[in-house]
Amino acid sequence: MAKPDANDMKFPAPVEATDPDLLHLKEVLGDKVEEIFQQGGELTCQIHRDAIREALELCRQDPSLRYEMLADETATHYPAAQGWAFAVVYHLTSIRRHKRLRLRILVPEGYEPASAVPVYPTANWLEREIWDMLGIRFQEHPDMTRILCPEDWEGHALRKEYPTPGLGQRDIDFREDRSGVLMRLAMEKAGNMGINLHPPKAE
Amino acid sequence: MPETKMDTGQLLAHSDGDRMIVNMGPSHPVTHGTLHIVLELEGEIVAKATPNIGYLHRGVEKLGESLTYQQFIPLTDRLNYCSSLMNNVGYTLAVEKLLDIQDPPRSRVLRVLCSELARIGDHLVCIGINAVDIGAFTAFLYLFKERETIYDLFEMMAGQRLHSSFTRIGGLFRDIPAEFEPLCEQFLESCPRAIDEMENLLTHNPIWADRTKGVGAITPENAISWGYTGPCLRAAGVAQDLRVAQPYLDYETYTFDVPVGTTGDVYDRYLVRTEEMRQSLRIVRQCLDRLKEIGPGPVIVDDYKIALPPKEKVYTRMESLIHHFKLIMHGIDMPVGEVYSATEAANGELGFYLVSDGTKAPYRIHVRPPCFPIFSSFDEQVKGRLIADAVSVMGAMNIIAGEMDR
């Protein structure tokens, strides 16, 4: 391990929270707040997974917080973590106060966090995307279906065990007439017009 | 047309239960990109619209996890392909925020310059195409002539018209050539004329007003709840512009106004976009003046742990060769942490969420495309309206399938 020298880059290390919003959240939610810190000018508040709905409602309605908009919601897979597998992050924006806040919950495999849709309608598609890409289902979500991949897609692409080339695409066997293209070519060769009636299969 | 004002509940009460299903897309002239909308119709009135997206899903976020930070830049071009330079700038700003560095002053001005040109280009496409969908073809021709000039300028800057990949972490790929400035000055002369020409054709055109006024109207509260950003949010009357609210690239030092609408309908979105183009031209003017003031200088940071050393040094000096090799093979030494950086792209807030574990490739990279939350409100926007209104609403939302599906 090389010794650090003056040329090494400065890390925006997490510092203790001094922002009034984070302190207010800590004060109101008490034990449900697991961790609050600031890093590189960004506010992060880690909340216990059962209290996320309560925290979102507080952030939206509390007169001293007033985070009106859910800018983004996404999740990250940490397969090596002990006791939890995913970090779900909510990026809130306060338009009036020009501020941003990140809420974070740590959820284990199979846990279904409460949906943010009743508080922020924009979470509808964002949570569908999280289900599609990472396989986290949300309780009380109005339409928990896949959004980017087809409904019969296997696996969740942004999990770490999912290979980058894609499932089922590494071992395509061209002898198997998957899309019906070989049959069509054979028909054309025989002088018939070939119309492809096979739906392409995604496996 | 009083029946167009009915909400879905009233509609269902009047209907005999027979609904016609119309598929708009996946490849329909008004979808501008591959997306699919299932419209359930009562006569000519939309009872329900179910968007079905994902046809352009390439797995950009998954690919980013196996590429270095530098290698991801070309993929950002493919997000919003109408204004790829803004995506480049937004992504590099996110990485620079994680690294806690700042690019040189000349590069900052050039980034603002190319972002604003890209914004004009994006708005030109949005308005032009929206007008074509509604039936006003002529405005499109005036606007696309200007867009050609913008693409010529991009070609001079980046060597590419569409997929520019102009920025690098810590600065820019190269400086602008000498021919850039005369053409840009010429563009500053001709673009306002084209915008005036377009306004003559559209703003007081009664057909355009009939097709757009009151269509897709939204209250400020609803717009915020649905995650609207950019021109669509400002048209609803919320003066939220990240260039002013959370300035980046020294935007606070430029003089420009933020246009705001009142009703949030398609007409207001058109007016907001038109005015934003004029304001962007003002910023471009200031950028050109500042470039003269700053004079020639570096456009990328002088830190070979982040940016590649110049080629002549690599060929002649051992140290530079080592830096080049280390940077290509092992990438940048990244700090551990997570960062969310948002910029005001042409469509709205373009956010990049990066999680770094200290290795050369990001552990997780997430793109927050502006039109994804906006399009999720499509059903609300067109419910109880005519099928023709769905077309104008979709055009004014400026759905770019490339960034929506990623």
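Each chain carries its own residue numbering, running from 1 in the direction its sequence is written. Written order decides the labels, with chains lettered from A and ligands numbered from 1. For a predicted model such as this one, the threshold for reporting local features is a pLDDT of at least 70, and the threshold for listing and counting side-chain atom pairs is 80 or more; totals across whole chains, interfaces and linings nevertheless cover every residue. Where side-chain values are given, they derive from all heavy atoms of the structure, hydrogens and water being excluded.

**Focus: the overall build of chain A**
Here a strand is any run of E in DSSP of at least two residues, a helix any run of H or I of at least four, and the numbering for each starts at the N terminus. What chain A contains, in helices and strands, is four helices and six strands. Taken from the N to the C terminus, the helices and strands of chain A come in the order β-α-β-β-α-β-β-β-α-α. Burial here depends on accessible area, computed with a 1.4 Å probe over protein chains only, as a share of the maximum for the residue type. Under 20% is buried, over 50% is exposed, and the range in between is partly exposed. When burial is assessed residue by residue, chain A has 48% of its 203 residues classed as buried. For chain A, contacts bridging at least 24 residues in sequence account for 48% of all contacts bridging at least 6. Accessible surface for chain A amounts to roughly 10,700 Å². Of this, 54% is attributable to carbon and sulfur atoms. We call two residues contacting when some pair of their heavy atoms lies within 4.5 Å. Accessible areas in this description were obtained via Shrake-Rupley with a 1.4 Å probe; residue shielding takes into account the shown protein chains only.

**Some points on the sheet that holds strand 4 (residues 69-77) of chain A**
Residues and elements named next belong to chain A. Here the rule is simple: two strands pair whenever DSSP picks up at least two bridges between them. In space, the six strands of this open sheet follow the order 1-2-3-6-5-4, with mixed pairing throughout. Of all strands in the sheet, those with a lone pairing partner are strand 1 (15-16) and strand 4, marking the two edges. Where strand 1 lies against strand 2 (residues 33-39), two bridges are found, and the strand directions are antiparallel. Across the sheet, E16 pairs through a bridge with F37, a residue of strand 2. Here an angle of 0 to 180 degrees is reported between the N-to-C directions of two axes, which are lines fitted to C-alpha atoms, with helices fitted over the stretch in contact. Those strands touched by helix 1 (residues 20-29) are strand 2, strand 3 (42-47) and strand 6 (99-107), and its axis lies near 175° from that of strand 2.

**A look at the interface of chain A and chain B**
Chain A puts 47 residues into the contact, and the matching count from chain B is 50 residues. Computed with a 1.4 Å rolling probe, the buried area is the accessible surface lost when two parts are put together, summed over both parts. The contact between chain A and chain B buries some 4,100 Å² in all, and 58% of this surface belongs to carbon and sulfur atoms. Salt bridge, as applied in this entry: a Lys or Arg side-chain nitrogen positioned within 4 Å of an Asp or Glu carboxyl oxygen. Seen at the junction of chain A and chain B, the total is five salt bridges. Between B:R406 and A:E129 there is a salt bridge whose closest N-O contact spans 2.9 Å.

**A closer look at the pattern of salt bridges**
Opposite charge on two side chains permits pairing when their charged atoms draw close. All names here are of chain B. Summed over the entire model, instances satisfying the criterion amount to 43 salt bridges over all chains. Among the ionic pairs, K292 bridges to E181, the shortest N-O distance being 3.5 Å. Taken together, the residues K292 in helix 12 (residues 266-294) and E181 in helix 7 (residues 180-202) connect sequence positions 111 residues apart. Note that R278 and E275 form a salt bridge whose closest N and O atoms lie 4.0 Å from each other. Residue R278 and its partner E275 are both found in helix 12; the two are separated by three residues, about one turn of the helix. If you follow the salt bridges from partner to partner, you end up with E116, R119, R234, D241, R243, E276 and E344 in one network.

**Considering the packing of helix 12 of chain B against helix 17 (residues 387-397) of chain B**
Residues and elements named next belong to chain B. The contact between helix 12 and helix 17 brings their axes to 10 Å, and the two run at 30°. When the interaxial angle is binned, helix 12 and helix 17 end up roughly parallel. Once helix 12 is placed against helix 17, the crossing between them reads as left-handed. Facing V266, R269 and R273 of helix 12, the residues of helix 17 in contact are S392, V393, A396 and M397. For this classification, the nonpolar set comprises Ala, Val, Leu, Ile, Met, Phe, Trp, Tyr, Cys and Pro, the charged set comprises Asp, Glu, Lys and Arg, and every other residue, Gly included, is treated as polar. Partitioned by chemical class, the residues of the contact of helix 12 with helix 17 number four nonpolar, one polar and two charged. Under this scheme an angle from 65 to 115 degrees is roughly perpendicular, one under 35 degrees roughly parallel, and one over 145 degrees roughly antiparallel; angles in between are oblique. Note on convention: the crossing is left-handed when the near helix lies turned anticlockwise from the far helix by less than a right angle, right-handed when the turn is clockwise.

**Side note on the confidence of the model for chain A**
Reading predicted coordinates in detail is not appropriate for stretches of low pLDDT. Each residue carries a pLDDT value, the predictor's own confidence for that position, ranging from 0 to 100. Considering every residue of chain A, the mean pLDDT works out to 79; 79% of them sit at 70 or more. With pLDDT under 50 throughout, residues 1-11 of chain A is counted as low confidence; its partners more than four residues away or in other chains account for eight contacts.

**Let's talk about unusual backbone geometry**
All names here are of chain A. Although it is not a glycine, H98 sits at a positive phi angle of roughly 50°. Along the chain, the position of H98 falls in the loop between strand 5 (86-94) and strand 6. Relative accessible area serves as the criterion here: at 43%, H98 is assigned to the partly exposed category. Of note, the phi angle at E140 is positive, near 65°, even though the residue is not glycine. When you line up the elements, E140 lands in the loop between helix 3 (123-134) and helix 4 (181-189).

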